[in-house]
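What the coordinates show
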Amino acid sequence: MEVLVCVKRVPVVGGKIVVTADGQEIDTRMSGFAISPHEECAVEEAIQITERLGGAVSVLTLGPAAAADQLRDALALGAGRAVLLETDGREWGPVATAAAIVAQARRHTPGYDLLLLGNEAADTGDYQVGIRVAHALGWPCVTGIKHIEISDGVVRARREYRGSEEAFEFGLPAVITVKEGINLPRYPSLPGRLRAKRAAIEQHEPPWEADSLRMVGLRVPQTERKQATVLGTGADAVPALVALLDELGVLP
Amino acid sequence: MTVLCLVEQDGGAVTDASLRALTFARSLATDAPDAVLFGEAAGVPAQTLASYGVSGAHVVEPGQLAGYAPLAWARVLAALISETGASAVVAAATDRGNEVMAHLGALTGLPMAASCVSAAPAGPSGTGQWRLVRQRWAGLLLEDAVLDAAPALLTVAIDAVQPVPADTPATLAVQPCQPELADGDLTVRATESAGQSGGISLASARVVVGGGRGVGGPDGFAPLEELAALLGGVVGVSRVVTSEGWRPHSQQVGQTGTKITPELYLACGISGAIQHIAGCASAKHIVAVNKDPGAPILAHAEYAVIGDLHEVIPALVTAIRARGVST
Ligand SMILES: Cc1cc2nc3c(=O)[nH]c(=O)nc-3n(C[C@H](O)[C@H](O)[C@H](O)COP(=O)(O)OP(=O)(O)OC[C@H]3O[C@@H](n4cnc5c(N)ncnc54)[C@H](O)[C@@H]3O)c2cc1C
Ligand SMILES: Nc1ncnc2c1ncn2[C@@H]1O[C@H](COP(=O)(O)O)[C@@H](O)[C@H]1O
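Notes on the structure follow. The shown structure was predicted, so the numbers you read here are calculated from the model rather than taken from an experiment.

1. Considerations on the pairing of strand β4 (residues 56–63) of chain A
Residue and element names in this part refer to chain A. Burial within β4 is extensive, with seven of its eight residues counted as buried. Judged from the five bridges that link them, strand β1 (residues 2–6) and β4 form a sheet pairing that is parallel. Bridge pairing in β4 places glutamate 2 opposite alanine 56. The pairing of β4 with strand β5 (residues 81–86) spans six bridges and is parallel. Bridge pairing in β5 places threonine 61 opposite leucine 84. Traced from β4 through helix α2 (residues 68–77) to β5, the parallel crossover comes out right-handed.

Here it is in structure tokens:
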């Protein structure tokens with residue numbers, strides 16, 4: 001099994017999101033960066049799959065030179081190879097991102113059996129890169145997956161659906177996008193970290209292309225920040241709480 | 001100017017998310033929107049559709065295409081775009097809505113804008129330019145954008161639009177639709193697995209009792225479960241709780257969990273990190289139980305009880321039971 005995981009470098013936003021004065025990006029002067037949560041789980045899932053079935057995990061990111069940090073995070077967990085599609089820092093839309101991933105998947109020989117992506121990137125939330133990649137490769141694709149079983153080249157994948165579950169079955173090669181909750185990602189080991197530090201990273205510089213969905217500006221939505229009315233302290237507040245629930249019409 | 005709207009159904013009724021998408025679709029053009037449904041033509045929720053101002057319903061019957069197959073559904077929409085000359089195709093930003101619209105984008109080579117809050121044609125109609133506002137970071141950030149594409153493919157952020165029937169109901173014409181599928185369109189098709197809960201889902205519950213790190217461990221949830229059951233609701237949790245393995249991820253509220261829209265969200269032992277708020281900001285009323293009067297959740301809640309949830313929640317359960325309420 002050759003598995004490719006696509007991870008995106010995103011800012012770790014703490015107490016609130018701050019936008020730069022020109023409204024073009026998130027102010028990241030005070031924040032660190034990480035792999036989006038769904039994709040952390042995609043890395044873990046890929047490692048578990050190759051632990052069971054053999055094979056190797058590659059990780060890919062499209063981003064600035066500093067995105068090599070996120071590749072090394074994945075290498076420390078057990079990915080074997082890493083590819084950086086280096087950008088000049090401009091934001092890439094989902095159509096161009098998918099095209100660059102497809103070009104890399106085609107470049108790789110003998111070829112991947114499985115591509116794992118996140119259901120949506122934590123920052124832009126476009127919900128589509130995986131599906132566009134699958135179409136270009138002519139592979140089946142399922143999204144939002146929270147359970148994967150593979151045997152004899154057949155994938156059984158399940159996801160949540162309106163409080164229940166739905167299941168899919170299809171053959172490899174395939175593209176699967178996963179959601180947090182599919183597994184609990186492991187922590188890197190010390191030898192893993194050391195190996196990651198020394199690992200070579202394959203690099204390419206795909207040309208930027210404009211998407212026909214163009215961001216004009218970013219802003220934080222205006223919400224009325226109310227400070228809560230304190231009903232009371234400890235169990236003494238319970239009568240007031242019961243009266244409130246009654247008033248809100250949620251007591252049967 | 002035709003606007004097509006993918007309508008999802010559950011047990012024969014239009015889902016709440018699709019009612020919101022229909023409301024949004026109606027705002028895009030003066031002409032009434034057309035709905036696209038998958039199911040028996042005889043079971044089309046005609047009255048609801050008409051009351052939401054839908055004049056045409058394109059229905060794909062199970063005999064033609066049974067079950068949920070995202071690529072096949074997108075193929076149907078692609079054919080309807082050609083047939084109707086639609087200027088926009090809209091779906092709710094649900095798992096299925098986003099998935100089908102992304103397939104449609106890939107099939108047609110068009111861009112797809114997910115989680116839109118508003119959209120309006122920019123410039124003279126028919127030029128295919130749109131001004132959009134869409135959510136990023138699960139709604140913590142808004143993006144103003146320009147979309148250059150005809151038709152516009154949009155999914156509608158569920159928490160951004162209220163479901164509102166039209167001022168005047170439309171007269172609905174139901175048209176059966178014959179899909180022409182391509183090889184491989186049915187390779188991925190869902191089988192609904194049996195034996196699942198079928199109970200109240202987190203996304204649609206009227207009451208959600210939230211538990212965070214303050215619950216202390218997997219054994220601390222019993223009083224919260226009991227309270228939720230008394231109120232006819234469900235338990236929701238923070239990411240700390242699922243990453244500690246105390247509760248399954250299906251109960252997580254937030255950016256990478258579920259977005260909830262209950263009447264009441266009672267957040268117990270939850271600090272109120274923005275990624276958690278992204279999932280519960282659309283609750284009608286938020287009440288926090290927290291031992292820290294400085295917890296950020298208090299800036300999002302309407303009411304709060306300051307104290308130990310291990311005292312407050314059991315006492316609340318006792319008080320509600322004393323009113324004769326039982327599970
Ligand atoms: C990209 C990204 C996505 C994320 N997605 C999500 C998501 O979907 N959902 C989510 O929840 N988080 C998400 N997070 C994590 C989020 O940032 C917080 O870490 C998390 O929500 C904190 O959980 P908590 O409130 O339970 O824990 P804490 O922040 O530790 O807060 C615990 C609270 O409990 C109170 N408390 C403690 N003991 C008691 C007691 N006995 N009685 C009453 N109160 C008590 C404390 O005062 C405190 O306020 C995400 C993070 C990232 C980076
Ligand atoms: N710049 C990127 N580099 C690598 N993978 C990406 C990038 N952007 C998106 N992806 C992958 O595509 C998934 C869906 O992204 P999106 O469609 O943008 O929400 C993400 O979860 C990632 O797995």
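2. Overview of the site of ligand 2
Residues and elements named next belong to chain A. In the neighbourhood of ligand 2, 18 residues make up the surrounding shell, with Cys6, Glu39, Leu62, Ala121 and Gln128 lying closest. Backbone polar atom of valine 129 to an oxygen atom of ligand 2: 2.9 Å apart, as the coordinates give it. About the coverage of ligand 2: the protein hides 97% of its 480 Å² of free accessible area. Mapped by element, the contributors of at least two residues to the shell around ligand 2 are β4 and β6 (114–118). With three residues, β4 is the largest single contributor of residues to the shell around ligand 2. Its residues assigned to classes, the shell around ligand 2 shows eight nonpolar, six polar and four charged.

3. Describing the sheet that holds strand β10 (residues 152–156) of chain B
Judged by pairing direction, the sheet is mixed, and its 10 strands sit side by side in the order β13(A)-β9(B)-β8(B)-β7(B)-β10(B)-β6(B)-β1(B)-β4(B)-β5(B)-β11(B) without closing on themselves. Only two strands of the sheet have a single neighbouring strand rather than two, namely β13 (213–219) of chain A together with β11 (173–176) of chain B. The average undirected angle you get between the axes of adjacent strands in this sheet is 30 degrees. As paired strands, strand β7 (residues 112–121) of chain B and strand β8 (residues 129–136) of chain B are joined by five bridges and run antiparallel to one another. Bridge pairing in β8(B) links Ala119(B) to Leu132(B). Helix α1 (residues 16–28) of chain B rests against β1 (3–6), β6 (88–92), β7, β8 and β10 of chain B of the sheet, and its axis sits at about 155 degrees to β6(B).

4. Focus on the environment of Ala134(A)
Residue and element names in this part refer to chain A. Structurally, alanine 134 is set in helix α4 (residues 129–137). On the accessibility criterion, alanine 134 (1% relative accessible area) is buried. In sequence terms alanine 134 and glycine 15 are 119 residues apart; their C-alpha atoms lie 36 Å from each other. Those residues in contact with alanine 134 that lie beyond four places of it in its chain are Trp139, Pro140, Cys141 and Val175.

5. Brief notes about the sheet that holds strand β9 (residues 154–161) of chain A
Taken together, four strands build an open sheet; the order of strands is β8(A)-β9(A)-β10(A)-β12(B) and the sheet is antiparallel. Of all the strands in the sheet, the pair left with one neighbour each is β8 (147–151) of chain A together with β12 (191–192) of chain B. Note: strand β10 (residues 164–171) of chain A against β12(B), two bridges, orientation antiparallel. The residue bridging Glu166(A) from the neighbouring strand is Glu192(B), located in β12(B).

6. Some details on unusual backbone geometry
Residue and element names in this part refer to chain A. Cis geometry is found at the peptide bond from threonine 109 to proline 110, where omega equals 5 degrees. Structurally, the position occupied by proline 110 is in the loop between α3 (94–107) and β6. Here the amide bond leading from leucine 172 into proline 173 is cis, since omega sits at 0 degrees, within 30 degrees of zero. If you trace the backbone, proline 173 turns up in the loop between β10 and β11 (174–178). Positioned with a positive phi, tyrosine 127 is a non-glycine residue whose angle comes to about 60 degrees. Relative to the assigned elements, tyrosine 127 resides in the loop between β6 and α4. What makes tyrosine 127 partly exposed here is its relative accessible area of 23%. A positive phi angle is found at aspartate 152, which is not glycine, with a value near 50 degrees.

About the criteria used
Residues numbered from 1 in each chain as written. Chains lettered and ligands numbered in written order. Predicted model: local features only at pLDDT ≥ 70, side-chain atom pairs only at ≥ 80, totals over all residues. Heavy atoms only, no water. Buried < 20%, exposed > 50% of the residue type's maximum accessible area, 1.4 Å probe, protein only. Helix = DSSP H or I, 4+ residues; strand = E, 2+ residues; numbered from the N terminus. Pairing = 2+ DSSP bridges. Right-handed = clockwise from strand over helix to strand, strands pointing away. Near = heavy atom within 4 Å. Polar contact = N/O pair within 3.5 Å; in protein donor to acceptor, adjacent residues only side chain to side chain. Areas by Shrake-Rupley, 256 points an atom, 1.4 Å probe, with all protein chains shown as cover. Nonpolar A, V, L, I, M, F, W, Y, C, P; charged D, E, K, R; others polar. Axes fitted to C-alpha atoms, helices over the stretch in contact; angles between N-to-C directions. Contact = heavy atoms within 4.5 Å.

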